Amino acid sequence: MKAFEFLRENNHDGLTVVLDKGLPPKFVEDYLKVCGDYIDFVKFGWGTSAVIDRDVVKEKINYYKDWDIKVYPGGTLFEYAYAKDKFEEFLNECHNLKFDAVEISDGSSDIPLEDRKKAIEKAKDFGFTVLTEVGKKMPEKDKKLTICDRINLINFDLNSGADYVIIEGRESGKGIGLYDGEGKVKESELEELARRVNVKKVIFEAPQKSQQVFFILKFGNSVNLANIAFDDVISLETLRRGLRGDTFNKISPISNNTQ
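Report on the accompanying structure. Just so it is clear, the model here is predicted, and its values are computed rather than measured. (Residues numbered from 1 in each chain as written. Predicted model: local features only at pLDDT ≥ 70, side-chain atom pairs only at ≥ 80, totals over all residues. Heavy atoms only, no water.)

## Some points on the overall build of the chain
- Within the chain, the secondary structure is distributed over 10 helices and 8 strands.
- Rg of the C-alpha trace for the chain: 18 Å, near the compact-globule value of 18 Å for 259 residues, within the 12% margin.
- Once the C-alpha set of the chain is aligned to its principal axes, its extents read approximately 55 × 45 × 30 Å.
- Counting across all 259 residues of the chain, residues that qualify as buried make up 51%.
- Long-range pairs, those at least 24 residues apart, make up 75% of the contacts in the chain with a sequence separation of at least 6.
- Per element, the accessible surface of the chain, about 12300 Å² overall, is 50% carbon and sulfur. (Helix = DSSP H or I, 4+ residues; strand = E, 2+ residues; numbered from the N terminus. Rg over C-alpha atoms; globule rule 2.2 N^0.38 Å. Buried < 20%, exposed > 50% of the residue type's maximum accessible area, 1.4 Å probe, protein only. Contact = heavy atoms within 4.5 Å. Areas by Shrake-Rupley, 256 points an atom, 1.4 Å probe, with all protein chains shown as cover.)

This is the structure:
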């Protein structure tokens, strides 16, 4: 039973996706006792999985599974495997390591749409939950994408079988994706996106507290948020439940926006 159980309300089903940049297994085991209930997915960032001993990767995944948390390697590792023509080997290794999901992206490369679709379908055939990502890692390349480009790719991925689509925000949350150079949300672009996609299938990378607050107030406490640092999980949960001044008495369910 949680402390102050009599005050628990404002339940939600918003996804919280945490970034693991190489945390030690025992830290993970201990910290999940504090925040494991509030994490839905953990991403082993970019290519970190490929520089850690397999047994350590398995140990960490097992700790996450104990809390029903789905784990996946970062999209950059997929892109690297794809560029080396090792996609099937990549999927086999993900299966053997007991990852639950994979991320299909082209943030650091360029992948034809048909190949992107085939990668989604193949990953689904392997039994993985598939997350894709829309956006480029380099701000100068990402700026070339219009909001219509992002919307079209989100819908393309969902129609191709992706379970969720992540909107690139990187660790900084500045000057990329839906964020301006100061980390503020480009509201006009977000409004257009919300009109044309199923928001419940979108995961917004929101590393900054101000961004988390914005999305919760905009879409409700069941909005899906990613690139959450481990030490921000509890903070985010209090924001979702109205237990922090920024969202106190301001919580509402996510809108039923569908295409």
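## Section: unusual backbone geometry
- With a phi angle near 35°, W46 is a residue other than glycine that sits in the positive phi range.
- Examined against the element boundaries, W46 turns out to sit in the loop between β2 (41–44) and α2 (54–65).
- With a phi angle near 55°, R170 is a residue other than glycine that sits in the positive phi range.
- Examined against the element boundaries, R170 turns out to sit in the loop between β6 (164–167) and α8 (187–196).
- With a relative accessible area of 34%, R170 lands in the partly exposed category.

## Overview of the sheet that holds β6
- On the basis of which strands lie adjacent, the open sheet formed by 8 strands has the order β3-β2-β1-β8-β7-β6-β5-β4 and parallel pairing. Both edges of this open sheet fall to β3 (70–73) and β4 (101–104), since each of them pairs with a single strand only. Averaged over neighbouring strand pairs, the angle between their axes works out to 25° when direction is ignored.
- Where strand β1 (residues 16–20) and strand β8 (residues 224–228) come together, 2 bridges link them in parallel fashion. Paired with V18 across the two strands is I228, which belongs to β8.
- The strands that helix α7 (residues 147–159) touches are β5 (129–134), β6 and β7 (202–205); relative to β5, the one it contacts most, it runs at about 165°.
- Where helix α9 (residues 209–219) meets the sheet, its contacts fall on β7 and β8, and the angle it forms with β8 comes to roughly 175°. (Pairing = 2+ DSSP bridges. Axes fitted to C-alpha atoms, helices over the stretch in contact; angles between N-to-C directions.)

## Let's talk about the pattern of salt bridges
- Overall, the coordinates contain 26 salt bridges when judged by the stated rule.
- Ionic pairing is found between R116 and D106, a salt bridge with its closest N-O pair at 3.4 Å. Placement of the pair is R116 in helix α5 (residues 113–125) and D106 in the loop between β4 and α5, with a sequence separation of 10 residues. Side by side, R116 and D106 carry an identical accessibility label, which is buried.
- Across the pair R196 and E192 runs a salt bridge, and its minimum N-O distance is 3.2 Å. Separated by 4 residues within a single helix, R196 and E192 lie in helix α8, roughly one turn from each other.
- In this structure R196 comes out as partly exposed when scored by relative accessible area, which is 32%.
- It is possible to trace a salt-bridge network through shared partners that takes in D106, D110, R116, K136, K141 and D157. (Salt bridge = Lys/Arg side-chain N within 4 Å of Asp/Glu carboxyl O.)

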